[in-house]
Amino acid sequence: MSEPKPPTPTPGDNYKGWLFKWTNYIKGYQRRWFVLSNGLLSYYRSQAEMGHTCRGTINLATANIAVEDSCNFVISNGGAQTYHLKANSEIERQRWITALELAKAKAVHMQAESDDSGDDCPSVPPTSGQGGGCRNSEIQSTLRTLNSKVEDLTTCNDLIVKHGSALQRSLSELEAIRVGGDMGEKIKQVTERATLFRITSNAMINACRDFLSLAQSHSKRWQKALQVERDQRIRLEETLEQLAKQHNHLERAFRGATVLPSSFSNSTLGNKGGSGKGDASDEDDDNEFFDAMEDPAEFITVPADPKYHRRSGSNVSGLSSETGMDDQSVNFDELSLASNPESPQPQELEPVRQRRTRIPDKPNYYLNLWSIMKNCIGKELSKIPMPVNFNEPLSMLQRLSEDLEYYELLDKAAKCQSSLEQMCYVAAFTVSSYSTTVHRTGKPFNPLLGETFELDRLKECGYRSLCEQVSHHPPAAAHHAYSEKGWSLRQEITLASKFRGKYLSIMPLGSIQCIFEKSNNHYSWKKVTTTIHNIIVGKLWIDQSGEIDVVNHRTGDRCHLKFTPYSYFSRDVPRKVTGVVTDKDGKAHYVLSGTWDEKMEFSRVMQSSKGENGTEGKQRTVYQTLKAKEIWTKNPLPEGAETMYYFSTLALTLNEPEEGVAPTDSRRRPDQRLMEDGRWDEANAEKQRLEENQRTRRREREREAVKTASTPEEADAVETATEANEVSEESFHQDNYQALWFEKVDDQVSGETLHVYKGGYWEAKDQGSWDMCPDIF
């Protein structure tokens, strides 16, 4: 007779078997051995691992069990642990679900009973090892007794199955025979088998009663003992954490002491207040991790020798001399203004209009991101049709104008007499442009070809800027800003973006240039890579990583900025930025440090020396600096920013309707306006209409390119390539599309080619003449 199928698990049963567990997007589901016992679900790579390595355990008392489809189910304990599991069949999945639900109910019941303190188990751990040993022996003895009872139950179960089957056969035969001479013999056999079945059943009932009695008498004591062990473990973990922190501080103090030159005195080593943010500085304990650093700092800053703090009477500014001044004397703003009598005195500028301080709150729209992004891995983001649900109600041109949030840094830089001092402000301005992105996980609207955006703050802040989309594929925007304080800014940014599954990388291509009229200093730099993490699962967060070289092409001065990528194993503060300002000969004059989302500080270098080799054998430079000064700090976000896309005070005003702007201005874009008003369905429809109109205009340019071809052969080639979709938007932009307010030139100073503002926009605005503007909306 064939063996019966495994029965449905009952309360108290141990259940084990193979399941498929989701690991990651690369390996997918992997076969694992799962064991359900005493309200705990554990898993192993194989049955052989059960004796030494457990890969994970979930307590079912606090877990949620959810069924996804015929074979899949999910077990989660509130976010810390989540198992996505798959059975071989729907029947097998149902067996596991039944076993898990029964085990969870029993675990919840036992946990509720363990909260009662009516037993005689001590609630505190024994004070001696002997007490713990006695308790251990008692538990081991009880476990042996319970194991023997389980074996009795197993034996009785086998006998019941055997005798029950025989009894069933006998009863079948009894029904089939005729009334005759052998009737008495058959009835006798049936009676004997029924008696055996009854005896075996009674034995099993008695064994179950004994087992239940033992389990009830000891369960509460075990729960108390387990709670004591948990408390001891928590105290041990806290103690180990404190010891690890103390060890870390001692190690860093020792490392900081070994890299200092022998000329340092003990009093200098003890002065922690003047140290910059390097490996030798103290950091917030909450942000520390104690694994090895993957990318150690390239330099260390330490307080300068006290002799450098004496005021030099022969040098008023002290900025270009080798011996600086004391802390009170190193004030860049005061020195620059005092040494420059031609500089106008600062005056309060009254705003000419009241700007808005709120926009409609962001609606809570649900959208399945994976259903849209799963087929877009590895593709260029600008070519993926995205609904406005992923956007924020600003265009890329407006986001580009947000770089001027901290324009005051360039105003201060324009007043500097020293080019090295000016470099510090330009570098701080470079870092400040990323502070508005820390919570901005929404995607800005891709501008249409020919779209513009003006930011006129001439009366309030002394500057005005203009952006224009000069290419669509690849998307490229040109930006020009001019200030009455003596500086101008121009940039051309092309975004290259790739969706990698778990994260999205945005690589800005192109350069930014800043020119100061009075000194004729010409600076240029590029942007770092922006990474958006947890695209599919988890909370979105943004990180900036890479290196920037800010170069003064007139003097040869250079500032090397390093944006450290976030690492769980790093002891540095998140979003850290460090930099060193050097002259044309490579000599360091200033050190900058801080974070790109909060503030930056700078300190003057008095002396530098080579320290000992750090991690991975890299030799780090030790800079002796004066006390650090704050050069930039982030403006606080407006009240309620979390419901307004985390916009800054400036960002809230960028899409405010304004009279007199060009017909191509982003403020007039209808889909963006509808989204800001919370009408997302209408915005999606309008967005599709604008994109289709743009494709229509592109086809018209393609036909025009064929008509204007110089030779029939060239026309045939263009037409053939067009039919084969081999002619890109960029090629027609170069051949048949001309930007309206910008022209492409070769910059003689930086040696780069970029779009430069050619003039005419503000004159057209004053005259109200926009006839030359295309109809793109």
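All values derive from a computational prediction rather than experimental measurement. (Residues numbered from 1 in each chain as written. Predicted model: local features only at pLDDT ≥ 70, side-chain atom pairs only at ≥ 80, totals over all residues. Heavy atoms only, no water.)

Caption draft 1: Spatial organisation of the overall build of the chain. Assigned secondary structure in the chain consists of 15 helices and 27 strands. With 777 residues in all, the chain has 46% of them scored as buried. A sequence separation of at least 24 residues applies to 60% of the contacts in the chain between residues at least 6 apart. A total of about 41,300 Å² of accessible surface is found on the chain, and carbon and sulfur atoms cover 50% of it. (Helix = DSSP H or I, 4+ residues; strand = E, 2+ residues; numbered from the N terminus. Buried < 20%, exposed > 50% of the residue type's maximum accessible area, 1.4 Å probe, protein only. Contact = heavy atoms within 4.5 Å. Areas by Shrake-Rupley, 256 points an atom, 1.4 Å probe, with all protein chains shown as cover.)

Caption draft 2: Summary view of the sheet that holds strand β4 (residues 56–59). One open sheet accounts for seven strands, arranged β4-β3-β2-β1-β7-β6-β5; its pairing is antiparallel. Among the strands making up the open sheet, the edge pair consists of β4 and β5 (64–67). Taking the axes of each pair of neighbouring strands and ignoring which way they run, one obtains an average angle of 35° across the sheet. Bridge count between β5 and strand β6 (residues 72–76): four bridges; the pairing is antiparallel. (Pairing = 2+ DSSP bridges. Axes fitted to C-alpha atoms, helices over the stretch in contact; angles between N-to-C directions.)

Caption draft 3: Fine view of the packing of aromatic side chains. Here the structure, examined in full by the defined rule, presents 19 aromatic pairs. Consider the rings of Trp541 and Tyr566, whose centres lie 5.5 Å apart with planes at 80°: the pair is edge-to-face. Of this pair, Trp541 sits in strand β19 (residues 541–552) while Tyr566 is found in the loop between β20 (558–563) and β21 (576–582), placing the two residues 25 residues apart along the sequence. Taken together, Trp741, Tyr761, Trp762 and Trp770 form an aromatic cluster joined through their ring pairs. The residue whose ring lies beneath Arg31 is Trp18, and the NZ or CZ to ring-centre distance is 3.9 Å. (Phe/Tyr/Trp six-rings, centres within 6.5 Å; stacked < 30°, edge-to-face > 60°. Lys NZ or Arg CZ within 6 Å of the ring centre and 35° of its normal.)

Caption draft 4: Representation of the pairing of strand β12 (residues 463–471) in the model. Of all nine residues in β12, eight are buried, a share of seventy percent or more. Relative to β12, strand β11 (residues 452–457) is paired through six bridges, and the arrangement is antiparallel. Paired with Glu454 across the strands is Leu466, a residue of β12. Note that β12 and strand β13 (residues 476–483) share eight bridges and pair antiparallel. Among the inter-strand pairings, Ser471 is bridged to a residue of β13, identified as Ala476. Linking two consecutive strands that pair antiparallel, namely β12 and β13, is a turn of four residues.

Caption draft 5: Structural detail: unusual backbone geometry. Residue Asn38 is not a glycine yet carries a positive backbone phi of 55°. For Asn38, the position within the fold is in the loop between β2 (28–37) and β3 (40–44). You will see that Asn520, though not glycine, has its phi angle at about 65°, which is positive. For Asn520, the position within the fold is in the loop between β16 (512–516) and β17 (522–525). Judged by relative accessible area, Asn520 falls into the exposed class, the value being 52%.

Caption draft 6: Looking closely at the nonpolar core. Counting residues in hydrophobic clusters, the biggest one holds 66 residues, and the most contacted among them are Trp487, Leu489, Phe516, Trp525, Val550, Leu561 and Phe563. The element best represented in this core is helix α9 (residues 419–432), accounting for nine residues. Those residues within four positions of Trp487 in sequence are excluded, and the remaining contacts are Leu404, Tyr407, Leu410, Asp411, Ala414, Tyr463, Ala481, Tyr482, Ile515 and Phe516. (Core = buried A, V, L, I, M, F, W, Y, C linked by side-chain atoms within 4.5 Å.)

Caption draft 7: Structural detail: a nonpolar patch on the surface. Residues Tyr566, Tyr568 and Phe569 make up a contiguous nonpolar surface patch of roughly 330 Å² in combined accessible area. With respect to the secondary-structure elements, Phe569 resides in the loop between β20 and β21. (Patch = residues over 30% accessible without salt bridge, like charges linked within 9 Å, V, L, I, M, F, W, Y side chains within 5 Å. Salt bridge = Lys/Arg side-chain N within 4 Å of Asp/Glu carboxyl O.)

Caption draft 8: Just the pattern of salt bridges, in detail. If you walk through the whole model with that rule in mind, you get 29 salt bridges. The salt bridge involving Glu392 is made with Arg440; its shortest N-O contact spans 3.0 Å. Taken together, the residues Glu392 in strand β9 (residues 391–395) and Arg440 in the loop between α9 and β10 (443–445) connect sequence positions 48 residues apart. Under the relative-accessibility criterion, Glu392 is labelled buried at 1%. In the salt-bridge network here, residues are joined through shared partners; they are Arg355, Glu460, Glu658, Asp665 and Arg667.

Caption draft 9: Spotlight on the environment of Leu159. Here Leu159 is to be found in helix α2 (residues 129–176). In this structure Leu159 comes out as partly exposed when scored by relative accessible area, which is 34%. Residues Leu159 and Met204 lie 45 residues apart in sequence; the distance between their C-alpha atoms is 9.5 Å. Ignoring any residue separated from it by four or fewer positions in sequence, one finds Leu159 in contact with Gly164 and Thr200.

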